[in-house]
Amino acid sequence: MKKLYSFIDFIVNKISLYTFNPYLPGRVKDFIGYTQLKKNKHLYRNKTADHAYEFNLNGYSDFRKNNAAILDCSNIAEIFRPYLEKCKLIGYENDIDKPYFYNILREDLDHEAYNKFLEIGNNNNLLDTLRTDFGELVFVGGGIFRSKANILGKKLIGSQKWHLDRFSLKCFKLFVNLSDISESMGPTEVLDSKVTWKLLYNGLIKKILGVKKARNLKNGLFIDQKRFDRELSNKKIDNIGPIGTGLLANTGLCLHRGSLNKSFQDRYVLLLHYCLWDRYVENQEKLNKDISTGIWTRFIKKLG
Ligand SMILES: [Fe+2]
């Protein structure tokens, strides 16, 4: 069955690539998710905590309209300050191949912080609010992500290029600054869903008409450079700001990227990820081998 899903995934991605229909993979995967796949019970660990974590959801009405907004999450950031200090103190390192964004939240390092993370993911006002507006959602993971300092002169790769997350059209990610983040630290950048739709609309026709394609876009997306520059200068939002700044985006509908950290400070971000269903399509085999790449893989490990 898994092989069949991988095959469907491959075909759908190819069709999407050649027709410039960037929403197709998410749509198909959501459909399969609804009809075929059961949600994994293990994702509900700590779901029974007796209180919801408060967020200041002032920016939320914006979010409903545009699928991207800034929220005040200083109370959540505060909870993970000790964990971060511990990591810095012991010089915790982790040699994976994605230095621009990797997870350093580990259960064996601090059981309490790890459980806190699960508890918050499953028990917060945000999850309830999202469910009220967008229907059923599950907490699918995240972690504490470090982007190493002083990555200079490297070519943009992977999620540093503008892209959509293609595993669902309902893919909500909350990025909470655990460092003060400046322009040079490679903030996460987002264009809201309306702007994204406008830019991506009729990609195939633009390609046929020979429109000049914008730089730093992932394959399968096609946007005219001039229009892209114009929207970026007017409409881009990012998580530049002090500790506790929260950026919430539906990354299945909003173009986004995490850029290079050119500063001399490591950048730390807490990430909580909600989705319509858990992500069978992402490269699970590869992730399974590396316990450090994300909280998601550790759930899999626990299941054995
Ligand atoms: Fe992404």
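As a reminder, the structure under discussion sits directly above these lines.
Residues numbered from 1 in each chain as written. Predicted model: local features only at pLDDT ≥ 70, side-chain atom pairs only at ≥ 80, totals over all residues. Heavy atoms only, no water.

Trainee: Provide a residue-level description of the sheet that holds strand β2 (residues 102–103), including the pertinent values.
Mentor: By way of backbone hydrogen bonds, the strands of a sheet pair with one another, either parallel or antiparallel. Spatial strand order, β1-β7-β4-β9-β3-β2: six strands in an open sheet with antiparallel pairing. The sheet is open, and its two edges are formed by β1 (68–72) and β2, each paired on a single side. Across nine bridges, strand β3 (residues 138–147) lies against strand β9 (residues 267–275) in antiparallel orientation. For glycine 141, the partnering residue across the bridge sits in β9 and is histidine 273. (Pairing = 2+ DSSP bridges. Helix = DSSP H or I, 4+ residues; strand = E, 2+ residues; numbered from the N terminus.)

Trainee: Got a sec to walk through the sheet that holds strand β8 (residues 256–258)? Specific residues and values, please.
Mentor: Pairing is antiparallel in the open sheet, where three strands are placed in the order β6-β5-β8. The open sheet is flanked by β6 (237–238) and β8, the only strands paired with a single partner. For strand β5 (residues 188–190) and β6, the ladder comprises two bridges, and the chain directions are antiparallel. Residue pairing for β6: glutamate 189 is matched across the bridge by aspartate 238.

Trainee: Mind laying out the coordination of the iron ion, listing which residues take part and the relevant values?
Mentor: The protein atoms that coordinate the iron ion are His163 (NE2), Asp165 (OD) and His256 (NE2), at distances spanning 2.2 Å. Here the donor residues for the iron ion map to a single chain with the spacing H-x1-D-x90-H. Of this pair, aspartate 165 sits in the loop between β3 and β4 (171–177) while histidine 256 sits in strand β8, and the two are 91 residues apart along the sequence. The exposure classification of aspartate 165 matches that of histidine 256, with both residues buried. (Donors = N, O, S within 2.8 Å, 3.2 Å for Na, K, Ca; no water. Buried < 20%, exposed > 50% of the residue type's maximum accessible area, 1.4 Å probe, protein only.)

Trainee: How would you explain the nonpolar core if you had to name every residue and give the values?
Mentor: One recurring pattern in soluble globular proteins is that nonpolar side chains are buried together. Judged by nonpolar contacts, the single largest core of 37 residues is most densely connected at Leu126, Leu130, Ile144 and Leu174. Here the element with the most residues in this core is helix α6 (residues 111–122); it accounts for five residues. Apart from the residues lying within four places of it in its own chain, the contact partners of isoleucine 144 are Phe80, Tyr83, Leu84, Tyr102, Asn103, Ile104, Leu105, Leu178, Val269 and Leu270. Counting residues in each nonpolar core, the second largest holds 16 residues, with Ala68, Tyr100, Ile151 and Ala249 among its members. (Core = buried A, V, L, I, M, F, W, Y, C linked by side-chain atoms within 4.5 Å. Contact = heavy atoms within 4.5 Å.)

Trainee: Quick rundown of the packing of helix α8 (residues 193–200) against helix α10 (residues 225–235)? Include the residues and the values.
Mentor: For the pair α8 and α10, interaxial distance at closest approach is 11 Å and the crossing angle is 170°. Taken together, the axes of α8 and α10 lie roughly antiparallel to each other. Residues Val195, Lys198 and Leu199 of α8 lie in contact with α10, whose contacting residues are Arg227, Phe228, Glu231 and Lys235. Its residues placed into classes, the contact of α8 with α10 shows three nonpolar, no polar and four charged. (Axes fitted to C-alpha atoms, helices over the stretch in contact; angles between N-to-C directions. Parallel < 35°, antiparallel > 145°, perpendicular 65-115°, else oblique. Nonpolar A, V, L, I, M, F, W, Y, C, P; charged D, E, K, R; others polar.)

Trainee: Please give an account of the side chain of threonine 245 that cites residues and values.
Mentor: Among the structural elements, threonine 245 can be located in strand β7 (residues 245–250). Taking the relative accessible area as the measure of exposure, threonine 245 reaches 12% and is therefore buried.

Trainee: Report on the pattern of salt bridges, specifying residues and quantitative values.
Mentor: Taken as a whole and judged by the stated rule, the model has 10 salt bridges. With a shortest N-O distance of 3.8 Å, arginine 64 and aspartate 133 are connected by a salt bridge. In this pair, arginine 64 is assigned in helix α3 (residues 60–66) and aspartate 133 in helix α7 (residues 125–134), connecting sequence segments 69 residues apart. The class of arginine 64 is partly exposed, set by a relative accessible area of 46%. In this structure, arginine 81 engages glutamate 78 in a salt bridge whose closest nitrogen and oxygen atoms are separated by 2.9 Å. When salt bridges with common partners are traced through the structure, they connect Glu189, Lys236 and Arg257 into a single cluster. (Salt bridge = Lys/Arg side-chain N within 4 Å of Asp/Glu carboxyl O.)

Trainee: Describe the packing of aromatic side chains, and please don't skip the residues or the numbers.
Mentor: What the rule picks out here adds up to 10 aromatic pairs. Ring geometry for phenylalanine 20 against phenylalanine 222: centres 5.5 Å apart, planes inclined by 75°, an arrangement best described as edge-to-face. Here phenylalanine 20, found in the loop between α1 (2–19) and α2 (24–36), pairs with phenylalanine 222, found in the loop between α9 (203–208) and α10; they are 202 residues apart in sequence, far enough to count as distant. Each member of the pair, phenylalanine 20 as well as phenylalanine 222, is classed as buried. (Phe/Tyr/Trp six-rings, centres within 6.5 Å; stacked < 30°, edge-to-face > 60°.)

Trainee: Please give an account of helix α5 (residues 81–90) that cites residues and values.
Mentor: Those residues of α5 not exposed but buried are Tyr83, Leu84 and Cys87. Buried residues of α5, seen end-on, are gathered within an arc of 100° and therefore sit on one face of the element. Where the residues of α5 are buried, they touch α6, β3 and β9. Two residues or fewer past α5, glycine 91 is found with a positive phi of approximately 65°. (Arc of directions from axis to C-beta.)

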